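# Fold and geometry: a report
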Amino acid sequence: MTDFKQIVEQIQMTGPDSMPNLKAYPTALELIGTGRSAFAFRILESSLVIKVFFPAFQHIAAEEAAIYQTLAASHYFPDLHDAGQNYLVIDYIPGYTLYDCLRKGIPIQDHHIVEIEHALRFAAAQGLNPSDIHLRNILITPTGDIRLIDPARFRQQKQCTQWKDLHIAYEKLYKKKIFPKKIPSILLELIAYLYKKRKSFTVQAPPNKAIR
Ligand SMILES: Nc1ncnc2c1ncn2[C@@H]1O[C@H](COP(=O)(O)OP(=O)(O)OP(=O)(O)O)[C@@H](O)[C@H]1O
Ligand SMILES: [Mg+2]
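Residues numbered from 1 in each chain as written. Chains lettered and ligands numbered in written order. Predicted model: local features only at pLDDT ≥ 70, side-chain atom pairs only at ≥ 80, totals over all residues.

### Side note on the nonpolar core
Counting 36 residues, the largest nonpolar core has A38, F41, I50, V52, F53, Y87 and I138 as its most contacted members. Elements with a minimum of two residues in this core: β4 (38-43), β5 (48-53), α2 (60-70), β7 (87-91), α3 (98-104), α4 (110-125), β9 (138-140) and β10 (146-148). Counting only domains with at least three residues in this core, you end up with domain 1 (10-91) and domain 2 (96-200). A38 has contacts with K51, V52, F53, F54 and F57, leaving out every residue within four places of it along the chain. (Core = buried A, V, L, I, M, F, W, Y, C linked by C-beta atoms within 7 Å. Buried ≥ 20, exposed ≤ 12 C-beta atoms within 10 Å, placed from the backbone. Helix = DSSP H or I, 4+ residues; strand = E, 2+ residues; numbered from the N terminus. Domains from an automatic or database assignment. Contact = placed C-beta atoms within 7 Å.)

Shown next, in the form of structure tokens:
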């Protein structure tokens with residue numbers, strides 16, 4: 001069996017613990033993504049990904065591993081193959097994130113949205129609270145299937161409206177004929193920035209009455 005721990009030990013990061021730079025990593029790995037808490041590497045010639053958490057976020061590894069185990073019966077989520085103090089090994093999902101789809105003009109269709117809803121309903125049925133469902137955590141595979149990654153926040157108590165908001169944006173904007181299907185990254189980043197800013201100014205009010 002592959003010694004994933006030994007591979008992870010060869011990954012070197014420098015700089016701040018909460019936002020390090022990648023200094024070196026084994027040639028058997030390909031960097032496929034950088035999130036707010038981890039680097040994701042594909043293990044070449046395999047269908048596996050090693051997600052290595054930044055030093056400040058190592059504690060998330062155990063939490064995310066436990067949640068993947070809860071979701072193990074669903075094909076909407078990658079299988080978990082191994083977990084260590086600061087890393088997870090999960091299935092590699094080929095295809096594009098919804099963020100990439102918008103950037104490249106790859107159409108997002110009603111059946112994708114229906115599948116995402118199924119995945120979230122499955123998670124909720126396992127007693128989880130699907131959260132942090134954003135464009136980079138949802139992938140469309142080459143066969144048009146949906147996969148969700150990064151469920152680390154699925155056990156949080158706080159209600160997260162990101163998917164609800166994305167779903168509304170899909171129905172009310174994206175589906176309109178005049179809405180551009182290909183959007184430059186800079187504009188996507190600006191929209192994400194403005195969305196986060198607006199959310200941080202939202203004062204929590206009694207149920208269903210958020211004051212904006
Ligand atoms: N199993 C996978 N298959 C394909 N791509 C992946 C996989 N895991 C991660 N990625 C890519 O790497 C990126 C970062 O991974 P991930 O979302 O797990 O990191 P994170 O730090 O938890 O992210 P966030 O900023 O959403 O908290 C993803 O957006 C995706 O593009
Ligand atoms: Mg992510």
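### As for the site of ligand 1
Around ligand 1 lies a shell of 19 residues, among which G33, G35, R36, A40 and R136 are the nearest. If you list the elements that add at least two residues to the shell around ligand 1, you get β3 (29-34), β4, β5 and β7. Across the shell around ligand 1, the residue classes break down as nine nonpolar, five polar and five charged. Per-domain counts for the shell around ligand 1 show at least three residues from each of domain 1 (10-91) and domain 2 (96-200). (Near = placed C-beta within 6 Å. Nonpolar A, V, L, I, M, F, W, Y, C, P; charged D, E, K, R; others polar.)

### Topic: the sheet that holds strand β8 (residues 96-97)
If you trace the three strands from one edge of the open sheet to the other, you get β8-β9-β10, paired in antiparallel fashion. Two strands bound the open sheet, and with one partner strand each, they are β8 and β10. Pairing analysis gives three bridges linking β9 to β10, with the strands arranged antiparallel. The residue bridging L139 from the neighbouring strand is R147, located in β10. With respect to the sheet, α4 is in contact with β9 and β10, its orientation differing from that of β10 by roughly 40°. (Pairing = 2+ DSSP bridges. Axes fitted to C-alpha atoms, helices over the stretch in contact; angles between N-to-C directions.)

### Comments concerning the domain arrangement of the protein chain
What the domain assignment lists for the protein chain is domain 1 (10-91) and domain 2 (96-200). Computed over C-alpha atoms, the centres of domain 1 and domain 2 are 21 Å apart. Looking at the side of domain 1 that touches domain 2, its residues break down into seven nonpolar, three polar and two charged.

### Looking at helix α6 (residues 185-200)
Helical periodicity: at 3.6 residues per turn, an α-helix aligns residues three or four positions apart in one direction. For α6, built from 16 residues, the straight-helix expectation of 22 Å at 1.5 Å per residue is met to within 8% by its first-to-last C-alpha distance of 22 Å. Of all 16 residues in α6, zero are buried, a share of ten percent or less. (Expected span 1.5 Å × (residues − 1).)

### Some points on the pairing of strand β2 (residues 21-24)
Pairing of strand β1 (residues 12-14) with β2 involves three bridges; the strand directions are antiparallel. For Q12, the partnering residue across the bridge sits in β2 and is A24. Connecting β1 to the next strand, β2, in antiparallel fashion are six residues, including G15 with a positive phi near 90°.

### Let's talk about the sheet that holds β4
Strand-to-strand pairing in sheets goes through backbone hydrogen bonds, with the strands running parallel or antiparallel. Strand order in the open sheet formed by five strands is β3-β4-β5-β7-β6, with antiparallel pairing between adjacent strands. Where the open sheet ends on each side, the last strands, each with one partner, are β3 and β6 (80-83). In this sheet, adjacent strand axes meet at a mean angle of 25° when their direction is disregarded. Two strands pair when backbone bridges link them, and β4 and β5 are joined in this way by six bridges, in the antiparallel orientation. Its bridge partner being in β5, F41 is matched across the sheet by I50. Taken strand by strand, α2 contacts β5, β6 and β7, and its axis lies near 155° from that of β6.

### Observations concerning α4
With 16 residues, α4 ought to run about 22 Å at 1.5 Å a step, and its terminal C-alpha atoms sit 23 Å apart, in line with that. Among the residues of α4, those classed as buried are I116, A119 and A123. Along α4, the residues classed as buried sweep out an arc of 60° about the axis, all on the same side. Turned more than 90 degrees from where α4 packs its buried face, D110, H111, V114, R121, A124 and A125 sit exposed. Each element contacted by the buried residues of α4 is listed here: β9 and β10. Looking one or two places after α4, you find G127, whose phi comes out positive at around 85°. (Arc of directions from axis to C-beta.)

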